Amino acid sequence: MKLTYYGHSCFGAEMKGKHILFDPFISPNELAKDINIDEIRADYLLVSHGHGDHVADAVSIGSKNNSRAISNFEIVSWFEQKGVHGHPMNHGGKVKFDFGVVKYVNAVHSSVLPDGTYGGNPGGFVIWNDEVCFYFSGDTALTMDLKLIPMTCPALDFAILPIGDNFTMGYDDAIMACDFIGCDKVIGCHYDTFGYIKIDQARAKKAFEDKGKELILLPIGESLDL
Ligand code: NI
Ligand code: MN
């Protein structure tokens, strides 16, 4: 699969010929100013929770691409009201789509949509098909629930975890999360976008290395084959 970073917590994945976009927050992100959102394709929009830094461009991209939104029931209901159709899920449930299986898993965070609509409880996604299995955690603290992932899902090839601290786990807790989820390859997100979450990237990478783990920090706009 191909994974492209669009800044903050926004990634595009190509799986089985489908384009999947996670947590679109691009146009308000100064660091992502070179990304042209009109060029982004999204057959599916996967939204972890309702905060603005995860949904800012979701309705515009979703409308333009006729995307199918996948999130919790409350967020999908909000999308439907805005004309973007979706598939509602809730924690612990899994669904088979044409690109793979999606399981909506727990996150410890909060969730309200930008217009004040209740966003349900925040979550993350484990996604797998016969080629790959990965975890997109969304915003979360380090939590014991992470240990359920290797008990209920195929072995992870990699995980996309927040490392910016303050609103989510920091990179030190993300290192511990690796042990909980049984995966030593992490693609970092949710760092450097705002003052509150600025990190020392070299230090974060070194901290992972010291524990025999890998932290990949993709430049915005770059892709990786996984
Ligand atoms: Ni959040
Ligand atoms: Mn966030």
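See the structure shown above.
We now examine the coordination of the nickel ion (ligand 1). Around the nickel ion (ligand 1), the protein supplies His49 (NE2), His51 (ND1), His109 (NE2) and Asp139 (OD) as donor atoms, at distances of 2.2 to 2.3 Å. If you look at the nickel ion (ligand 1), its 4 donor atoms make angles of 88 to 177 degrees with each other, and the shape they trace is irregular. Sequence spacing of the donor residues for the nickel ion (ligand 1), all on one chain, is H-x1-H-x57-H-x29-D. Metal-to-metal, the separation of the nickel ion (ligand 1) and the manganese ion (ligand 2) is 3.0 Å; aspartate 139 coordinates the two. Here histidine 51 is found in the loop between β4 (44-46) and α1 (52-55), whereas its partner histidine 109 is found in the loop between β8 (100-106) and β9 (123-128), with 58 residues between them in sequence.

Attention shifts here to the coordination of the manganese ion (ligand 2). Protein-derived coordination of the manganese ion (ligand 2) comes from Asp53 (OD), His54 (NE2), Asp139 (OD) and His190 (NE2), at a distance range of 2.1 to 2.2 Å. If you list the donors of the manganese ion (ligand 2) from N- to C-terminus, the spacing comes out as D-H-x84-D-x50-H. Exposure remark for histidine 54: the relative accessible area of 0% places this residue in the buried category. Overall, the relative accessible area of 1% leaves histidine 190 in the buried class.

It is worth spelling out the side chain of threonine 143 at this point. Tracing the backbone through its elements, the reader meets threonine 143 in the loop between β10 (133-136) and α4 (148-152). For threonine 143, a relative accessible area of 12% puts it in the buried group. For threonine 143, the residues in contact, after removing those within four places along its chain, are Val108 and Phe180.

Glancing now at the pairing of β10. Note on strand geometry: in a regular strand, side chains alternate between the two faces of the sheet. Side-chain alternation along β10 places Cys133 and Tyr135 on one buried face and Phe134 and Phe136 on a second face that is also buried. In this structure, β9 lies alongside β10, joined through 4 bridges in antiparallel fashion. Looking at β10, one finds that isoleucine 127 is bridged to phenylalanine 134. What sits between β9 and β10 in their antiparallel hairpin is a turn of 4 residues. Sheet topology places β10 next to strand β11 (residues 158-162); 3 bridges connect them, and they run parallel. Following the sheet pairing, tyrosine 135 is matched in β11 by alanine 159.

Reading the values: rules and limits
Residues numbered from 1 in each chain as written. Chains lettered and ligands numbered in written order. Predicted model: local features only at pLDDT ≥ 70, side-chain atom pairs only at ≥ 80, totals over all residues. Heavy atoms only, no water. Donors = N, O, S within 2.8 Å, 3.2 Å for Na, K, Ca; no water. Tetrahedral: all angles 85-135°; square planar, octahedral: opposite > 155°, others 65-115°. Helix = DSSP H or I, 4+ residues; strand = E, 2+ residues; numbered from the N terminus. Buried < 20%, exposed > 50% of the residue type's maximum accessible area, 1.4 Å probe, protein only. Contact = heavy atoms within 4.5 Å. Pairing = 2+ DSSP bridges.

The analysis is restricted to geometry; functional conclusions fall outside its scope.
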